[in-house]
Amino acid sequence: MPDSVTASVPVRRGPRDWTVDTALFLLAVAYGVLSAKGRGQADPGLGVNWWYVEQLAGVFGCVLLWLRRRKPVEVAFVLIGLSVLFEMVAGAMLVALFSVAVHRSPRTTAVVYTASLLPVVSDVFIRPDAGLPAFHFFLFGTIVQAGAVGWGLFIHHRRKLLVQVAAEAALRAEQVQLRAREEVAREMHDVLGHRLSLLALHAGALEYRPDAPSADVARAAGVIRESAHQALQDLRQVLGVLRAPAGELPQPTLADVHRLVAESCAAGMRVRLLKEIPEAAPDLIGRTAYRVVQEALTNVRKHAPGAAARVGVTGRAGEGLRVEVVNAAAGGRPGGQAAGDAGQGLAGLAERVALAGGRLEYGPAADGGWEVTAALPWPREA
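Residues numbered from 1 in each chain as written. Predicted model: local features only at pLDDT ≥ 70, side-chain atom pairs only at ≥ 80, totals over all residues. Heavy atoms only, no water.

Undergrad: Honestly, the overall build of the protein in this entry has me stumped. Any pointers?
TA: Assigned secondary structure in the protein consists of 10 helices and seven strands. The buried share of the protein, reckoned over its 382 residues, is 40%. In the protein, once contacts between residues fewer than 6 apart in sequence are set aside, the share between residues at least 24 apart is 71%. As displayed, the protein offers around 21,400 Å² of accessible surface, 63% of which is attributable to carbon and sulfur atoms. (Helix = DSSP H or I, 4+ residues; strand = E, 2+ residues; numbered from the N terminus. Buried < 20%, exposed > 50% of the residue type's maximum accessible area, 1.4 Å probe, protein only. Contact = heavy atoms within 4.5 Å. Areas by Shrake-Rupley, 256 points an atom, 1.4 Å probe, with all protein chains shown as cover.)

Undergrad: Looking at this structure, I do not really get the nonpolar core. What am I missing?
TA: Nonpolar side chains in soluble globular proteins tend to be buried together. In terms of nonpolar packing, the biggest core is built from 32 residues, with Leu254, Val293, Leu297, Val313 and Leu321 touching the most fellow members. The dominant element in this core, judged by the number of residues it contributes, is helix H9 (residues 283–303), at eight residues. The next biggest cluster of nonpolar side chains, apart from the first, holds 29 residues, and it includes Ala76, Leu82, Phe98 and Ala101. (Core = buried A, V, L, I, M, F, W, Y, C linked by side-chain atoms within 4.5 Å.)

Undergrad: Honestly, the packing of helix H8 (residues 257–266) against H9 in this entry has me stumped. Any pointers?
TA: In a packed pair of helices, the relevant descriptors are the angle between the two axes and the axis-to-axis distance. At a minimum axis distance of 10 Å, the contact between H8 and H9 shows a crossing angle of 10°. Relative to H9, the element H8 lies roughly parallel. For the pair formed by H8 and H9, the contact residues are Val257, Arg259, Leu260 and Ser264 on the first element and Tyr290, Val293, Gln294, Leu297 and Arg301 on the second. Its residues assigned to classes, the contact of H8 with H9 shows five nonpolar, two polar and two charged. (Axes fitted to C-alpha atoms, helices over the stretch in contact; angles between N-to-C directions. Parallel < 35°, antiparallel > 145°, perpendicular 65-115°, else oblique. Nonpolar A, V, L, I, M, F, W, Y, C, P; charged D, E, K, R; others polar.)

Undergrad: Would you take a moment to explain the packing of helix H3 (residues 72–85) against helix H5 (residues 106–126) for this structure?
TA: Axis separation between H3 and H5 bottoms out at 8 Å; the angle between their running directions is 10°. As summarised for this structure, H3 and H5 are arranged roughly parallel, according to the angle between their axes. Contacts from Val73, Ala76, Phe77, Ile80, Ser83 and Val84 in H3 reach Thr108, Val112, Ala115, Ser116, Leu118, Pro119, Ser122, Asp123 and Ile126 in H5. Here the contact of H3 with H5 is composed, by residue class, of 10 nonpolar, four polar and one charged.

Undergrad: Even after reading the chapter, I still don't get the pairing of strand S5 (residues 320–327), so can you show me in this structure?
TA: The side chains of a regular strand alternate, first on one face of the sheet and then on the other. Most of S5 is tucked away, with six of its eight residues classed as buried. Inspection of the sheet shows strand S4 (residues 308–316) paired to S5 by eight bridges, in the antiparallel sense. Its bridge partner being in S5, Ala309 is matched across the sheet by Asn327. Between the antiparallel neighbours S4 and S5 lie three residues, among them Gly318 with a positive phi of about 95°. Strand direction decides the pairing type here: S5 and strand S7 (residues 370–376), joined by seven bridges, are antiparallel. Bridging across to S7, Val325 finds its partner in Val372. (Pairing = 2+ DSSP bridges.)

Undergrad: What is the right way to look at the pattern of salt bridges in this model?
TA: Summed over all chains, the structure comprises four salt bridges. Notably, a salt bridge pairs Glu319 with Arg316, separated by 2.8 Å at the nearest N-O pair. Across the pair, Arg316 and Glu319 agree in class, each one exposed. (Salt bridge = Lys/Arg side-chain N within 4 Å of Asp/Glu carboxyl O.)

Undergrad: When you look at the packing of aromatic side chains in this model, what are you seeing that I'm missing?
TA: Both the distance between ring centres and the angle between the ring planes are used here to describe each pair of aromatic rings. The full count for this structure, using the stated rule, is one aromatic pair. Taking 4.6 Å as the distance between ring centres and 35° as the angle between the ring planes, the aromatic pair formed by Phe98 and Trp151 counts as tilted. Residue Phe98 is located in helix H4 (residues 90–103), and its partner Trp151 is located in helix H6 (residues 134–208); the two are separated by 53 residues in the primary sequence. According to the relative accessible area criterion, Phe98 is buried, its value standing at 11%. (Phe/Tyr/Trp six-rings, centres within 6.5 Å; stacked < 30°, edge-to-face > 60°.)

Undergrad: Is there a simple way to explain H5 in this structure?
TA: Along an α-helix, residues three or four positions apart point the same way, because every turn accommodates 3.6 residues. Between its first and last C-alpha atoms H5 spans 31 Å; for 21 residues at 1.5 Å apiece the expected length is 30 Å, and the two agree. Burial in H5 covers these residues: Thr108, Thr109, Val112, Tyr113, Ser116, Pro119, Val120, Ser122, Asp123 and Val124. (Expected span 1.5 Å × (residues − 1).)

Undergrad: Sorry if this is basic, but what is going on with H4 here?
TA: For H4, spanning 14 residues, the distance from its first C-alpha to its last is 20 Å, which sits close to the expected 20 Å at 1.5 Å a residue. Taking burial as the measure, the 14 residues of H4 include 14 buried ones, the bulk of the element.

Undergrad: Is there a simple way to think about the sheet that holds strand S3 (residues 270–273) in this case?
TA: Pairing between the strands of a sheet comes from backbone hydrogen bonds, and it takes one of two forms, parallel or antiparallel. The sheet built from five strands is open, its strands ordered S3-S4-S5-S7-S6 with mixed pairing. Here the strands that pair on one side only, and so sit at the sheet edges, are S3 and strand S6 (359–364). Recorded for the sheet is a direction-independent mean angle of 10° between the axes of neighbouring strands. On the sheet, H9 packs against S3, S4, S5 and S7 and is oriented at approximately 5° with respect to S5.

Undergrad: In this structure, what is going on with the environment of Leu376? I would like to understand it.
TA: Tracing the sequence through the fold places Leu376 in strand S7. In this structure Leu376 comes out as buried when scored by relative accessible area, which is 3%. Sequence-wise, Leu376 and Leu284 are 92 residues apart; in three dimensions their C-alpha atoms are separated by 9.9 Å. In contact with Leu376, other than residues within four places in its own chain, are Ile285, Thr288, Ala289, Gly320, Leu321, Val353, Ala356 and Gly358.

Undergrad: Which parts of the structure should I look at to understand a nonpolar patch on the surface?
TA: Taken together, the side chains of Val121, Phe125 and Ile126 present a nonpolar region at the surface, about 320 Å² in accessible area. Looking at the element boundaries, Val121 is found in helix H5. (Patch = residues over 30% accessible without salt bridge, like charges linked within 9 Å, V, L, I, M, F, W, Y side chains within 5 Å.)

Undergrad: Looking at this structure, how should I read the environment of Arg159?
TA: Counting through the fold element by element, Arg159 comes out in helix H6. Along the chain, Arg159 and His103 lie 56 residues apart, while their C-alpha atoms are 9.8 Å from each other.

Undergrad: Sorry, what's going on with the pairing of S4 here?
TA: In this structure, S3 lies alongside S4, joined through four bridges in parallel fashion. From the neighbouring strand, Arg272 faces S4, where its bridge partner is Arg310.

Put into structure tokens, the structure is as follows:
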């Protein structure tokens, strides 16, 4: 199994790959020719011209480079072995060292580089340079091969860094999608919980009073039909976030609290708006305040049917915004959720308020009812 993120390479080469491979092939040929120029001579003991054998080995080594992407380590070891005897293979061996450094781990590269020092040592004894001391000749060969390996390691680490950056970008995109899903789920809970609680309230009234006058039945049926229609409309708007940016979706504002209270009163609830709502607040603050009132009234309908409720929204820029929804006890029962049964609605609401920089508190009221209070920041400069 490949030991590097860059080890797996496609079998098909693209135009860029062909260009790089051709350039390295020509460099290997040029290096081999220049390094062995003028060294060819016949070997009387073997009866052959060693220069021809050297050229054949050089050609074989350069051709072997076309396999360096698939098997860089194997090609490198073959060329290292040939370089011990044939100087014209030196250029191909340098390209092979570079390929190992690019496509394999630094540990594997270190092993191959250590083995590549064998041809350098053999050149000192078999093909010494008359104009250069042996140590300097060995040092020169070591530096040249180290340069090829260093260049390959630089490209290896650069590719690894690019892969890491791409992975981090994918992770960030996944986190954005997760936050979007959480926002959709929160919106669906807030919107549909409010609408469906209205449906449940009127359906329960019809079930409880089957002998109600026909006018009351018709009015309740009309409210059920309208609430069901509004629930479908709200659901379409919320699900639109899956196809459009969230900023393009219609969002409630602080001014819509009037409409929310009016809808609840039309559904038969006893809700009183204590004070006039302040002038338009920042979008995030106003939307959060609306959701607090919506969730609190929904819980009143679910957990304290028939209980009276009062809604208060006060504040101004520089002082903050305070939202209070308090309901009385219903039928001798606590008018709200027990402290240990806050449910996902209030938990999600607390998260929403926290994201707006505020604080949400809820619990039993002094008269046995239930109280939900939110404190939201409203900067003066906003």
